[in-house]
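If you want the building blocks of each chain, they are given just below.
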Amino acid sequence: MIELIYSPNWFYGKDIIIDIISIFVLSLIAYFSIKYYKISKNKQYLFFAGSFISIALSFLFKVVTNFTLYFNIINIKHLGLITMTYNTIKSSNILSDIGFLLYRLLMLVGLFMLYSTYSKNKKINNILILYFIFVLAYFSKSAYYVFHITALIFLFLITWQYWKNYQKSKIITTKLLIYSFCLITLSQIIFIFIGLHTTFYVIAEIIQLLGYLILLLTFIKVLKNGKKKRKK
Amino acid sequence: MARKRERSDIILDMLISIQNKGGRIKPTHLMYKANLAHKQMKLYLEDLIEKDFIHKIKDKGYGYIIITDTGTKFVEKMRQMKEFERTFGL
């Protein structure tokens, strides 16, 4: 049987809050990126916004699925009836299968889109990679760590790109962005081991939260710096 | 080789030049500050007036260009956009 819940009992709901914060940060950046696209008509902004929307949606599916699962567990505990428990689990399994599949799929598509914003890959390569993402998202149902390893690779490549960018620009906001993506990448490394012990899930979620909070701080700093007057 | 200035860059340069002069500037000064040819500047000025980013006024017989609130807000938005662009390497 495939394990669906990696969180310890006491952490139920808290991980949902962490994911909601991540959705908020990602949506905020996507919203501003769309706003800037309307001014500049630069398609890179649109692509960038698309990648953040995809990742935000993936978290949304994770939240909804986890919420359904946690709610059902509470329900089962409360009722304590074997026949009703069986039916609840069966129906929630189908929902969670679809929910987690969409979570994995949209997360990998989003990360790939973000990576593509910076890479100069040819179109055919992109189509091939998208195909592999679809296959991988589906089959990683039985081997969750394959999904986390793939996300880790994309995140590493994106962070590396930000590092190269920082070498050129040397601006503090890019440095913060690197810290934020380093933490999000680190959370994926820890997510690989969630099958070993539930504590890994808690640690990974907290690190992910720190990563997205730094991303929010970076974005606030970007807006603040933009307001400052600079003499030309 | 230096990158060719885009239209949005030129508009931003013009508006920042006005701001740096305390919100009003003589047209000839603006032309030098924004590094534009006379014909080019005339076209940009018409566009900026139409967008309500600037106004033309007369003071003691001299013509001035002043930046409006809409223009100031646009500069702020553009600066934020440039900062966003630099941070995320877009």
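The structure presented is a predicted model; accordingly, all values stated were derived computationally and were not measured.

Criteria and thresholds
- Residues numbered from 1 in each chain as written.
- Chains lettered and ligands numbered in written order.
- Predicted model: local features only at pLDDT ≥ 70, side-chain atom pairs only at ≥ 80, totals over all residues.
- Heavy atoms only, no water.
- Contact = heavy atoms within 4.5 Å.
- Buried area = accessible area lost by both parts, 1.4 Å probe.
- Salt bridge = Lys/Arg side-chain N within 4 Å of Asp/Glu carboxyl O.
- Helix = DSSP H or I, 4+ residues; strand = E, 2+ residues; numbered from the N terminus.
- Nonpolar A, V, L, I, M, F, W, Y, C, P; charged D, E, K, R; others polar.
- Pairing = 2+ DSSP bridges.
- Buried < 20%, exposed > 50% of the residue type's maximum accessible area, 1.4 Å probe, protein only.

1. Considering the interface of chain A and chain B
Each partner contributes to the interface: chain A provides 29 residues, whereas chain B provides 19 residues. Together chain A and chain B conceal approximately 2,400 Å² of surface at their shared face, both sides included; 63% is due to carbon and sulfur atoms. The interface formed by chain A and chain B includes 0 salt bridges. Broken down by secondary-structure element, the contributors of at least two residues to the side of chain A that touches chain B are helix 1 (14-40), helix 2 (43-79), helix 3 (82-118), helix 5 (144-169), helix 6 (172-191) and helix 7 (198-227) of chain A. For the side of chain A that touches chain B, the residue count by class is 13 nonpolar, 10 polar and 6 charged.

2. Focus: the environment of A:Tyr103
Residues and elements named next belong to chain A. If you trace the backbone, Tyr103 turns up in helix 3. Taking the C-alpha atoms as reference points, Tyr103 and Thr65, 38 residues apart in sequence, are found 9.1 Å from one another. Apart from the residues within four sequence positions on either side, Tyr103 is in contact with Ser58, Phe59, Phe61, Lys62, Phe147 and His148.

3. Comments concerning the environment of A:Gln161
Note that A:Gln161 resides in helix 5. Put simply, A:Gln161 and A:Ile178 are 17 residues apart on the chain and 9.3 Å apart in space, counted from C-alpha to C-alpha.

4. Describing the pairing of strand 3 (residues 62-67) of chain B
All names here are of chain B. Note that strand 1 (residues 24-25) and strand 3 share 2 bridges and pair antiparallel. Of the residues in strand 3, the one forming a bridge with Arg24 is Ile66. Inspection of the sheet shows strand 2 (residues 54-59) paired to strand 3 by 6 bridges, in the antiparallel sense. Residue pairing in the sheet places Asp59 in a bridge with Tyr62 of strand 3. Here strand 2 folds back onto strand 3, and the loop between the two strands holds 2 residues, one of which, Lys60, carries a positive phi near 50 degrees.

5. Quick look at the pattern of salt bridges
Residues and elements named next belong to chain A. Scanning the model with the defined rule gives 7 salt bridges over all chains in all. The residue Lys62 makes a salt bridge to Asp19 at a minimum N-O spacing of 3.3 Å. Within this pair, whereas Lys62 is found in helix 2, its partner Asp19 is found in helix 1, the two being separated by 43 residues in sequence. Relative accessible area serves as the criterion here: at 4%, Lys62 is assigned to the buried category.

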